[in-house]
Amino acid sequence: MKSTEKILIVDDEVGILKLLEITLRKENFINIDAASTGKDTLQLVKENHYDIILLDIMLPDISGFELCTEIRKHTNT
C-alpha cells in the first residue's frame, strides 16, 4: 500500500538526497520533495504542507538550526 504522507528532504549533498528518496520510496512513500538550500526549503514550506521534514544542519546558505526556526514560523511540522 502506498503511503500518502508528504515528506520534504533537505540536504546540500545530491547523493544523500537521492539515497534518502530511494530508501523512502522502497518503503512505499510516494509524496517526496527535496531541497538543497534554505531558500528553496522555505519556498516549499510556504507552498506545501509536509508531514515530516528531514533537515540537514549544515547547508550552504543557512544553518539547519536557523532554518528550523524559520520553518516553525510557517508550520508545526
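Look a little higher up for the structure.
Being a predicted model, the structure only gives us computed values, none of them experimental.

1. Let's talk about the overall build of the protein
Now for step 1: The number of helices and strands found in the protein is 3 helices and 3 strands.
Now for step 2: Starting at the N terminus and walking to the C terminus, you meet the elements of the protein as β-α-β-α-β-α.
Now for step 3: Since a compact globule built from 77 residues should have a radius of gyration of about 11 Å, the 12 Å found for the protein is in line with a globular shape.
Now for step 4: C-alpha extents for the protein along the principal axes are approximately 35 × 25 × 15 Å.
Now for step 5: Across the 77 residues of the protein, 31% fall into the buried class.

2. With respect to unusual backbone geometry
Residues other than glycine predominantly adopt negative phi, and peptide bonds predominantly adopt the trans conformation.
Now for step 1: Despite not being glycine, Asn-28 shows a phi value in the positive range, around 75°.
Now for step 2: Note that Asn-28 resides in the loop between α1 (14-26) and β2 (29-35).
Now for step 3: You can call Asn-28 partly exposed: its relative accessible area is 31%.

3. Side note on the sheet that holds strand β3 (residues 52-55)
Now for step 1: Taken together, the 3 strands give an open sheet; going across it, the order is β2-β1-β3, and neighbouring strands pair in parallel fashion. In this open sheet, the two strands that pair with only one neighbour each are β2 and β3. Neighbouring strand axes in the sheet, compared pairwise and without regard to direction, differ in orientation by 20° on average.
Now for step 2: In terms of strand pairing, strand β1 (residues 3-10) meets β2 through 6 bridges, oriented parallel.

4. Quick look at the side chain of Thr-41
Now for step 1: Assignment of secondary structure puts Thr-41 in helix α2 (residues 38-47).
Now for step 2: A relative accessible area of 0% means that Thr-41 is categorised as buried.
Now for step 3: Apart from residues lying up to four places away in sequence, Thr-41 is in contact with Leu-8, Val-10, Ala-35, Leu-67 and Ile-71.

Thresholds, definitions, all that
- Residues numbered from 1 in each chain as written.
- Predicted model: local features only at pLDDT ≥ 70, side-chain atom pairs only at ≥ 80, totals over all residues.
- Heavy atoms only, no water.
- Helix = DSSP H or I, 4+ residues; strand = E, 2+ residues; numbered from the N terminus.
- Rg over C-alpha atoms; globule rule 2.2 N^0.38 Å.
- Buried < 20%, exposed > 50% of the residue type's maximum accessible area, 1.4 Å probe, protein only.
- Pairing = 2+ DSSP bridges.
- Axes fitted to C-alpha atoms, helices over the stretch in contact; angles between N-to-C directions.
- Contact = heavy atoms within 4.5 Å.

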